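So the chains spell out like this:
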Amino acid sequence: MEKSVSNRMDDPLAAARESTAQMLQERARTFSLPQPFYNDARLFALDMQEVFEKEWLFAGMTCEIPAKGNFMTLDIGDNPIVIVRGNEGAIHAFHNVCRHRGSRLCVKDKGKVAKLVCPYHQWTYELDGRLLFAGSDMGTDFDLKQFGLKPVNVRTAGGFIFINLSDEPPAIDDFLTTLEHYLEPYQMDNVKVATESSIVEQANWKLVIENNRECYHCNGAHPELLNSLQEFDDTDDPRATPAYKALVARKQADWDEEQVPYQLTRHGQQNRLTRTPLLDGIVSMTMDGQPGCKKLMGRLKSPDMGSLRILHLPNSWNHFMGDHAVVFRVLPLGPQQTLVTTKWLVRKDAEEGVDYDPEELRRVWDATNDQDRQLAEENQRGINSKAYQPGPYSETYEFGVIDFVDWYAKRMLENLQHDAPSLKLAQG
């Protein structure tokens, strides 16, 4: 009894960990999750601790910090992070927290600096995190070397920046190698962000991801998107028609000629990459289906590249076409609040107003994002009802959702068990 009380005082979420593990072990695999997974504050805290502080997260694009001193910031729950370009092109990530009294160092979303200087007491750090200056009043025995910024794991591939806040990050090398291969034709050191948007959805982050992982809802919700998008991307999909299979064969022959990868590749349930045609005669996710940017990306010679779809759980999905790309980042803000950031990428030397119009470039996904926001928020409102109980997924139309929930449940159980070995994993 005394040990149990002590454990609960040491970890105020101890009871929540136990009940969460039990719910995950007992869940019906092809049904949505029990209500607390979508609206409970304690379970949200566990999501942040066991998923967002332990998994590799998509943070941003290398093109956003092109030169020495360029930085970007983001928040992973209560953890402010800064990513900065240092000497010789090196990219560093740190907890955006001064080692003096904890103030945030960089208070803007992005910028350029010579050094990282705390605005509170002017402690000054090198771009590689070393403390350079702390004033003359810290005492003669003060050792600058002991107070450098706390680093965050950071890796890059194909122009993407991934961060991990844990002391023991999971392996990611195989995925990064695949990502680099698929994005080689785009020459990702030669792109820029043409425009971006951020919206806050009043819904749990898992509902935002679930909504993305299926197109069961698309026909009734996304008229702009369906001007270009195929509702599925695999010839083995039971919905794939002979006409779709013939289109895929024709386009893959074209992509072979351009030496552009397209095969469906998975890294477990966390990562999925595949290139699939858009609707026949359509080459881009624009309102008229024609290129949104006159200059094609990288070494591509044809705008008709379909869409290279890239999934990275828990927080990103992406579409790469011949003329531009659209990347998405999901960051939880609260149990029922999620930040969704969208960035449109074009060739670096494309000129706004000449080669592309930002408003036209973003029109399809601005509409789609707002439609998805409304769907997720209505989903959240219904789930909050006392009448809610987990409902069945369609194994034909919602297999992507099943895969996501399986991945989430597996990683949550593994991470919970690592923190508290007494939480036994279900067998089989």
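Residues numbered from 1 in each chain as written. Predicted model: local features only at pLDDT ≥ 70, side-chain atom pairs only at ≥ 80, totals over all residues. Heavy atoms only, no water.

Looking up the protein chain in an unreviewed UniProt entry gives the name Aromatic ring-hydroxylating dioxygenase subunit alpha, with the organism given as Vreelandella gomseomensis. Here is the UniProt Cofactor (unreviewed entry) comment for the protein chain, exactly as written: "Fe cation". (UniProt positions renumbered as here; feature names shortened; annotations may be inferred.)

Peer 1: So what exactly am I meant to see when it comes to the overall build of the protein chain here?
Peer 2: Helix and strand counts for the protein chain come out as 10 helices and 17 strands. The C-alpha radius of gyration computed for the protein chain amounts to 23 Å, which stays within 12% of the reference 22 Å derived for 428 residues, consistent with globular compactness. Taken along its principal axes, the extent of the C-alpha atoms in the protein chain is 75 × 55 × 35 Å. Put simply, 66% of the contacts in the protein chain that link residues at least 6 apart link residues at least 24 apart. Carbon and sulfur atoms provide 48% of the accessible area of the protein chain, an area that totals close to 19,600 Å². Averaging the locations of the 47 positively and 63 negatively charged side chains of the protein chain gives two centres separated by 3 Å. (Helix = DSSP H or I, 4+ residues; strand = E, 2+ residues; numbered from the N terminus. Rg over C-alpha atoms; globule rule 2.2 N^0.38 Å. Contact = heavy atoms within 4.5 Å. Areas by Shrake-Rupley, 256 points an atom, 1.4 Å probe, with all protein chains shown as cover. Lys, Arg positive; Asp, Glu negative; His and termini not counted. Charge placed at Lys NZ, Arg CZ, Asp CG, Glu CD.)

Peer 1: Explain the state of the cysteines to me, please; I cannot follow it from the model alone.
Peer 2: Formally, a disulfide is one covalent bond, and it connects the sulfur atom of one cysteine to the sulfur atom of another. Counted by the stated rule, this structure contains one disulfide. There is a disulfide in this structure between cysteine 215 and cysteine 218, and the S-S distance comes to 1.8 Å. Measuring the twist about the S-S bond at about -105 degrees, one finds the cysteine 215-cysteine 218 disulfide to be left-handed. Accessibility classification places cysteine 215 together with cysteine 218 in one group, the buried group. The closest cysteine sulfur to the non-disulfide-bonded cysteine 98 is located on cysteine 118, 3.8 Å from its own sulfur. Look at cysteine 98 and you get buried, because its relative accessible area is 5%. (Disulfide = S-S within 2.5 Å. Buried < 20%, exposed > 50% of the residue type's maximum accessible area, 1.4 Å probe, protein only.)

Peer 1: How do you make sense of the pattern of salt bridges when you look at a structure like this?
Peer 2: Pairs can form between side chains of opposite charge once their charged atoms are near each other. One pass over the full model with this rule turns up 29 salt bridges. For arginine 373, the salt bridge goes to aspartate 370, with nearest N and O atoms at 2.8 Å. Taken as a pair, arginine 373 and aspartate 370 lie in helix H9 (residues 358-383) at a separation of three residues, close to a single helical turn. For aspartate 370, a relative accessible area of 34% gives the class partly exposed. (Salt bridge = Lys/Arg side-chain N within 4 Å of Asp/Glu carboxyl O.)

Peer 1: Before we go on, may I ask you to explain the pairing of strand S13 (residues 271-276) in this structure?
Peer 2: For a regular strand, side chains alternate in direction, first toward one face of the sheet and then toward the other. Counted residue by residue, S13 has six buried out of six residues, so it is predominantly covered. Here strand S12 (residues 265-267) pairs with S13 via three bridges, running antiparallel. Bridge pairing in S13 places histidine 267 opposite asparagine 271. With six bridges joining them, S13 and strand S14 (residues 307-312) adopt antiparallel strand pairing. When the bridges of S14 are listed, arginine 275 appears paired with leucine 308. (Pairing = 2+ DSSP bridges.)

Peer 1: Help me understand the environment of leucine 273 in this model?
Peer 2: Looking at where leucine 273 falls in the secondary structure, it is placed in strand S13. Taking C-alpha positions, leucine 273 is 14 Å from alanine 325, a pair spaced 52 residues apart along the chain. If near-sequence neighbours (up to four positions away) are discounted, leucine 273 is found in contact with Phe175, Thr178, Leu179, Tyr182, Gln263, Leu264, Thr265, His267, Arg309 and Ile310.

Peer 1: What should I look at first to understand the packing of aromatic side chains in this one?
Peer 2: Summed over all chains, the structure comprises 19 aromatic pairs. Both rings, one in phenylalanine 162 and one in phenylalanine 175, keep their centres 5.8 Å apart while their planes meet at 75 degrees; by these two values the pair is edge-to-face. Residue phenylalanine 162 is located in strand S10 (residues 160-164), and its partner phenylalanine 175 is located in helix H5 (residues 173-183); the two are separated by 13 residues in the primary sequence. On the accessibility criterion, phenylalanine 175 (3% relative accessible area) is buried. Ring centres of tryptophan 317 and phenylalanine 328 lie 5.1 Å apart, and the angle between their planes is 20 degrees; this geometry places the pair in the stacked category. Placement of tryptophan 317 in strand S15 (residues 316-320) and of phenylalanine 328 in strand S16 (residues 325-334) is noted, with a sequence separation of 11 residues between them. Here tryptophan 317 matches phenylalanine 328 in class, with each residue buried. (Phe/Tyr/Trp six-rings, centres within 6.5 Å; stacked < 30°, edge-to-face > 60°.)

Peer 1: Would you mind going over the packing of helix H2 (residues 14-26) against helix H4 (residues 41-52) with me for this structure?
Peer 2: Axes are the key here: two packed helices are described by the angle between their axes and the distance separating the axes. Their axes nearest at 10 Å, the elements H2 and H4 cross at an angle of 85 degrees. Judged by the angle between their axes, H2 and H4 are roughly perpendicular. Only Arg42, Leu43, Leu46, Gln49 and Glu50 of H4 make contact with H2, whose side of the interface consists of Ala16, Arg17, Thr20 and Met23. For the contact of H2 with H4, the residue count by class is four nonpolar, two polar and three charged. (Axes fitted to C-alpha atoms, helices over the stretch in contact; angles between N-to-C directions. Parallel < 35°, antiparallel > 145°, perpendicular 65-115°, else oblique. Nonpolar A, V, L, I, M, F, W, Y, C, P; charged D, E, K, R; others polar.)

Peer 1: Hey, could you run me through the sheet that holds strand S9 (residues 153-157) in this one?
Peer 2: Working definition: the strands of a sheet are paired by backbone hydrogen bonds and lie parallel or antiparallel to each other. The three strands lie next to each other as S1-S10-S9, forming an open sheet whose pairing is antiparallel. Each edge of the open sheet is held by one strand with a lone partner, namely strand S1 (57-61) and S9. Neighbour-to-neighbour, the strand axes of this sheet turn through a mean angle of 30 degrees, independent of strand direction. Bridging between S9 and S10 involves five bridges; their strand directions are antiparallel. The partner of arginine 155 across the bridge, within S10, is phenylalanine 162. With respect to the sheet, H5 is in contact with S9 and S10, its orientation differing from that of S9 by roughly 30 degrees.

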